[in-house]
Amino acid sequence: MKHLAAYLLLTLGGNTAPSAADVKAVLESVGIEADSERLDKLISELEGKDLNELIAAGSAKLASVPSGGAGAPAAGGAAAAAGGAAEEKKEEKVEEKEESDEDMGFGLFD
């Protein structure tokens, strides 16, 4: 990821085709040692490709991934809010019991 981030920073800075040496220089400027094998693989895979097209294709792939919670009905949210209020009342009662422990003459940090 660090290699890709450096590559993207270089392209945002105006370098349309960053080389491995460019990426390595960016990483070393912040004290990170570049892995030559991974860097060479990244450069070879991105060579001649348009980053905007790659990002658009990746976004389209991510849009098709299920995100577990998108199908919840709107009415369920209101019921959950009402249930949350009841849970808060129960939590307050539990806290009162915890405070009674202090009456025993010792506390957590004594």
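Note that the structure is predicted; figures quoted are calculated from it, not measured.

Q: Where do I start with the UniProt feature "signal peptide" (unreviewed entry) in the chain in this structure?
A: The UniProt feature table records "signal peptide" (unreviewed entry) at residues 1-21. Here residues 1-21 runs as 62% helix and 0% strand, with 17 Å between its end C-alpha atoms.

Q: How should I be thinking about the pattern of salt bridges in this particular structure?
A: Between side chains of opposite charge, a pair can form as their charged atoms come close. For the structure shown, the criterion picks out one salt bridge. A salt bridge links Arg 38 to Asp 35; the shortest N-O distance between them is 3.7 Å. Given the relative accessible area of 58%, Arg 38 is considered exposed.

Q: Just to check I follow, could you spell out the nonpolar core for this structure?
A: Soluble, globular proteins show a tendency: their nonpolar side chains are buried together. By size, the foremost hydrophobic cluster in this structure holds eleven residues: Ala 6, Tyr 7, Leu 10, Val 23, Leu 27, Ala 34, Leu 39, Leu 42, Ile 43, Leu 46 and Leu 51. Sorting the residues of this core by element identifies helix H1 (2-12), helix H2 (20-29) and helix H3 (36-46) as the ones contributing at least two each. Residue contributions to this core peak at four residues, all from H3. For Leu 51, the contacting residues outside a window of four places in its chain are Tyr 7, Leu 8, Thr 11 and Leu 46.

Q: Can you help me understand the packing of H2 against H3 in this one?
A: A packed helix pair is summarised by two numbers, namely the angle formed by the two axes and the spacing between the axes. With their axes 10 Å apart at the nearest point, H2 and H3 run at an angle of 130° to one another. Judged by the inter-axis angle, H2 sits oblique to H3. For the pair H2 and H3, the crossing hand works out as right-handed. Between H2 and H3, the residues in contact are Ala 20, Val 23 and Lys 24 and Ser 36, Leu 39, Asp 40 and Ile 43, respectively.

Q: Teacher, can you tell me more about the packing of H1 against H3 here?
A: The contact between H1 and H3 brings their axes to 10 Å, and the two run at 50°. If you check the angle between H1 and H3, you find them oblique. Crossing hand, H1 versus H3: right-handed. Facing His 3, Leu 4 and Tyr 7 of H1, the residues of H3 in contact are Arg 38, Leu 39, Leu 42, Ile 43 and Leu 46.

Criteria and thresholds
- Residues numbered from 1 in each chain as written.
- Predicted model: local features only at pLDDT ≥ 70, side-chain atom pairs only at ≥ 80, totals over all residues.
- Heavy atoms only, no water.
- UniProt positions renumbered as here; feature names shortened; annotations may be inferred.
- Helix = DSSP H or I, 4+ residues; strand = E, 2+ residues; numbered from the N terminus.
- Salt bridge = Lys/Arg side-chain N within 4 Å of Asp/Glu carboxyl O.
- Buried < 20%, exposed > 50% of the residue type's maximum accessible area, 1.4 Å probe, protein only.
- Core = buried A, V, L, I, M, F, W, Y, C linked by side-chain atoms within 4.5 Å.
- Contact = heavy atoms within 4.5 Å.
- Axes fitted to C-alpha atoms, helices over the stretch in contact; angles between N-to-C directions.
- Parallel < 35°, antiparallel > 145°, perpendicular 65-115°, else oblique.
- Left-handed = near helix turned anticlockwise from the far one by under 90°.

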